[in-house]
Amino acid sequence: MRSPFLQNYKLDHIEILTPMARTLAYWHVKALGFHVTAYSGMDTGRPGFSSFVCRSGDVCLVLTSTYPMLSGTVDDEVQAFINKHYCGVKRVSLLVDSVGEAFNSSIRNGAIPVQYPRKLEDGDGVIEEAAIKLYEDNEIVFINRSRYQGVFKPGYARAPAEAGGGWGGAFTSVDHIAAEVRINESQYWSEYLANAVGTSMVQSIGASDDNKTGMILKINQTSDRLLTFVIAEPESYLKRSKVQKNIETFGPGIHHLAFATKNLQETVRVLSQQGVEFVSFPPSYYDLLRKDNELHGSDIAALQRHGILLDKEGDSYLLQKFIKPISDRPFFLYEIVERVNGYSGFALKNINVLKQAEELEIMSRREQS
Ligand SMILES: [Fe+2]
């Protein structure tokens, strides 16, 4: 489908709701190297809230929690999300030239309104925003900050120096925002995003003999490829795929954020030094890579040493690594990717190889027992 939008919307920030924003911000700073550039809370006029704006390259995350005041209650909307999801993405904010036009056009095209256009003002100017629904409990926010000179938004102040000091950070941008949704929803949300924010479905992987992942995937992107929504749904409720189990256990929604880096091996080395733990993959995965003629000449031993996944398309390739979920509720996690020579895919071949490796591991364990 061709995008009806004249201009691609850009990612402004992503808001994560969490029971303990201050602690999570500390981890982003110390472990991942983010800088806290702004915060909001009691002393900035938002009693009962705590928000930290964390940046690394073009990645901007806002970590928000809410807490009961002596004579008040916690914010219902934040607390309801935390009760259900514990820690995860609530809002994806997109920078637009006109909030009114973006919102009206999305509603005309079928988007579900959540927040009508409003203005937030302080001495530094005006922020305009509006929001539409996304997936189960998420929102897309349209934001215009062209008339605002403040540090982030009204109600936010510059973070004190001691709060801001990440070690430099390794991420350049958000590569993709990935969701897991219920059976028969991925087509709906792909069309919804196309109509509401102008993405196009650039890849669709359906059920087939070649697809051993147990899921159906739809990749939705703006034409400049700077904003990508990956949507996965279980191929069948009978197959008990990982996606199906995730949805049954944790409910649908945004499952991971992928950050881009220019040098994944170096990023993994530095993050490991900071105590970051990564998801590991079976040795048989790398044995399969060694048998792949297309990968002849690649340094598989180095990939195995660093636990990095590889997907190759001609001369271009994708390197991937997953950070272990940091909350006790393991639905939401971060991925790190390095795209080399313009690789533009989403490692679909690689997911099949991983699946095959898992099966080999299970078989070898059975043989040993
Ligand atoms: Fe991903």
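Keep in mind the model is a prediction, meaning the values are calculated, not measured. (Residues numbered from 1 in each chain as written. Predicted model: local features only at pLDDT ≥ 70, side-chain atom pairs only at ≥ 80, totals over all residues. Heavy atoms only, no water.)

Novice: How would you summarise the pairing of strand β5 (residues 88-95) if you had to cite specific residues and measurements?
Specialist: Of all 8 residues making up β5, 7 are buried, and the element is well covered by its neighbours. In this structure, strand β1 (residues 10-17) lies alongside β5, joined through 7 bridges in antiparallel fashion. Each residue of the ladder has a partner; that of His13, found in β5, is Ser93. In this structure, β5 lies alongside strand β8 (residues 138-144), joined through 5 bridges in parallel fashion. The residue bridging Arg91 from the neighbouring strand is Glu139, located in β8. (Buried < 20%, exposed > 50% of the residue type's maximum accessible area, 1.4 Å probe, protein only. Helix = DSSP H or I, 4+ residues; strand = E, 2+ residues; numbered from the N terminus. Pairing = 2+ DSSP bridges.)

Novice: Describe the coordination of the iron ion, naming the residues involved and giving the relevant values.
Specialist: The coordination sphere of the iron ion, as far as protein atoms go, consists of His176 (NE2), His256 (NE2) and Glu335 (OE), spread over 2.0 to 2.2 Å. In primary-sequence terms, the residues that donate to the iron ion follow H-x79-H-x78-E. With a gap of 80 residues between them, His176 in strand β10 (residues 173-180) and His256 in strand β14 (residues 253-260) connect regions that are remote in the sequence. The burial state of His176 is the same as that of His256; both residues are buried. (Donors = N, O, S within 2.8 Å, 3.2 Å for Na, K, Ca; no water.)

Novice: Summarise the domain arrangement of the protein chain; cite the residues concerned and give the values.
Specialist: Domain parsing of the protein chain yields domain 1 (10-164) and domain 2 (173-368). Distance between the C-alpha centres of domain 1 and domain 2: 27 Å. Across the contact, 35 residues belong to domain 1 and 34 residues belong to domain 2. Between domain 1 and domain 2, the buried area comes to about 2900 Å², and carbon and sulfur atoms account for 72% of it. Among the salt bridges present, the one from Arg182 reaches Glu136, with a minimum N-O distance of 2.9 Å. The tally of links from domain 1 across to domain 2 stands at 8 residue pairs in polar contact (both at pLDDT 80 or more). (Domains from an automatic or database assignment. Contact = heavy atoms within 4.5 Å. Buried area = accessible area lost by both parts, 1.4 Å probe. Salt bridge = Lys/Arg side-chain N within 4 Å of Asp/Glu carboxyl O. Polar contact = N/O pair within 3.5 Å; in protein donor to acceptor, adjacent residues only side chain to side chain.)

Novice: With reference to specific residues and values, describe the pattern of salt bridges.
Specialist: Applying the stated criterion across every chain, the model contains 17 salt bridges. Close ionic contact of Arg147 with Glu128 constitutes a salt bridge, the shortest N to O distance being 3.6 Å. Here Glu128 lies in strand β7 (residues 125-134) and Arg147 lies in the loop between β8 and β9 (157-158), a separation of 19 residues in the sequence. Salt-bridge contacts for Glu129 lead to Lys153; the nearest nitrogen and oxygen are separated by 3.1 Å. Taken together, the positions of Glu129 in strand β7 and Lys153 in the loop between β8 and β9 put the pair 24 residues apart, joining distant regions of the chain. The class of Lys153 is buried, set by a relative accessible area of 14%. Several salt bridges share partner residues, and in doing so they unite Glu15, Glu77, Lys90, Arg91 and Glu139 into one network.

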